Amino acid sequence: MAKVSTYTGSISSPLIRLFAQVAGMQVRPSKVLMSDRLSQWLSWTDAIALSAALEGPTSRSMPDPQAAVCADGLEVARVRATLTAGIADEGALKSSKAQGPAPVEFGPYRQRYLSLQQSMEFAIGTLRGRLRTTLTARSPALARLAALDAVMTPVLGAREQSVLSTLPILLEGHFQRLRQAGDLAVTNTHPPNTADGADVACAWLGVFCRDMRAMLLAELDLRFQPVEGLIEALHMTSSGHHE
């Protein structure tokens, strides 16, 4: 029987769908409201900081705020393109296919996944800090949004990191299951020392690399959601929709 996991967000999330697919789980929404869950995550010091953020910091003037918005938009696109290219290069790890009968191990894939997670965390964190600076200079309302993002980042970031850190573990189980299925297919169809047997033996690795890249791209989408919200707020004000 399939396992059942409880998730508090949208089941339509690509990352959650992949999580369920790779882990062989059925995912159902939680009955706990997000507002109730958030109240459990906030400590009293977090609540004080949140209250201060909502009271509204003063905005600082920027020499050319319109130019800053344009530059920030270009930087968002550049960072996303760079991270996406790094994920696409994951296929290079399939070079083990040409290494003959030596067993394929998960270690290099784990290290690659962790390295890409660290790259995403650093690049997106730096980007959010830059966007908060621009927001603060635009208007009091956007300054409050920037302050709110600064307060909530460590609170929600800790929960996010706790979940995302399980993905390499989940992928390792997927890796082992695919490898066992591939070994069984070779045994049942072709001798491993033949060309056909070698192709069958490597087919599962291609499937795994595809799934790993899909998981990384879905994680990138998730991590970029706050950035997209901040840049959208900036674009709205640059179009004249602001206080």
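Structural data are supplied above this passage.
Attention in this report is confined to the structure presented alongside it. Note that this is a predicted model, so its numbers are computed, not measured.

**Some remarks on the environment of R138**
Then, number 1: Mapped onto the elements, R138 comes out in helix 5 (residues 107–138).
Then, number 2: The sequence separation of R138 and L234 amounts to 96 residues, and the corresponding C-alpha distance is 8.2 Å.

**Details of the packing of aromatic side chains**
Then, number 1: By the definition in use, this model includes 6 aromatic pairs.
Then, number 2: When the ring of F175 is compared with that of F208, the centres are 5.1 Å apart and the planes differ by 85°; the resulting orientation is edge-to-face. Here F175 is found in helix 7 (residues 167–189), whereas its partner F208 is found in helix 8 (residues 195–238), with 33 residues between them in sequence. Judged on exposure class, the residue F175 and its partner F208 are both buried.
Then, number 3: Grouped by ring-pair contacts, the aromatic residues F106, Y109, F175, W204 and F208 constitute a single cluster.
Then, number 4: Between R80 and the ring centre of F224, over which it is positioned, the NZ or CZ distance is 4.9 Å.

**Some words on the side chain of R223**
Then, number 1: Position of R223 among the secondary structure elements: in helix 8.
Then, number 2: With a relative accessible area of 7%, R223 lands in the buried category.
Then, number 3: Here R223 is in contact with Q117, M120, E121, I124, E160, Q161 and L164, once residues within four sequence places are set aside.

**Details of helix 6 (residues 140–164)**
Then, number 1: With 25 residues, helix 6 should cover 36 Å at 1.5 Å per step; its first-to-last C-alpha distance of 34 Å lies within 8% of that length.
Then, number 2: The axis of helix 6 is deflected most strongly, by about 40°, at T153, and proline P154 appears within four residues downstream.
Then, number 3: Of the positions making up helix 6, those classed as buried are L142, A143, A146, A147, D149, V151, M152, V155 and L164.

**Points about the packing of helix 5 against helix 6**
Then, number 1: It is the contact of helix 5 with helix 6, at a shortest axis distance of 8 Å, that shows an interaxial angle of 165°. Considered as vectors, helix 5 and helix 6 are oriented roughly antiparallel to each other. Where helix 5 crosses over helix 6, the two elements pack in a sense that is right-handed. Packed against helix 5, whose contacting residues are Q117, E121, R128, R132, L135, T136 and R138, the element helix 6 presents L142, A143, L145, A146, D149, A150, T153, Q161 and L164 at the interface.
Then, number 2: When its residues are assigned to classes, the contact of helix 5 with helix 6 shows 7 nonpolar, 4 polar and 5 charged.

The rules behind these values
Residues numbered from 1 in each chain as written. Predicted model: local features only at pLDDT ≥ 70, side-chain atom pairs only at ≥ 80, totals over all residues. Heavy atoms only, no water. Helix = DSSP H or I, 4+ residues; strand = E, 2+ residues; numbered from the N terminus. Phe/Tyr/Trp six-rings, centres within 6.5 Å; stacked < 30°, edge-to-face > 60°. Buried < 20%, exposed > 50% of the residue type's maximum accessible area, 1.4 Å probe, protein only. Lys NZ or Arg CZ within 6 Å of the ring centre and 35° of its normal. Contact = heavy atoms within 4.5 Å. Expected span 1.5 Å × (residues − 1). Bend = angle between axes of the 7 residues up to and from the residue. Axes fitted to C-alpha atoms, helices over the stretch in contact; angles between N-to-C directions. Parallel < 35°, antiparallel > 145°, perpendicular 65-115°, else oblique. Left-handed = near helix turned anticlockwise from the far one by under 90°. Nonpolar A, V, L, I, M, F, W, Y, C, P; charged D, E, K, R; others polar.

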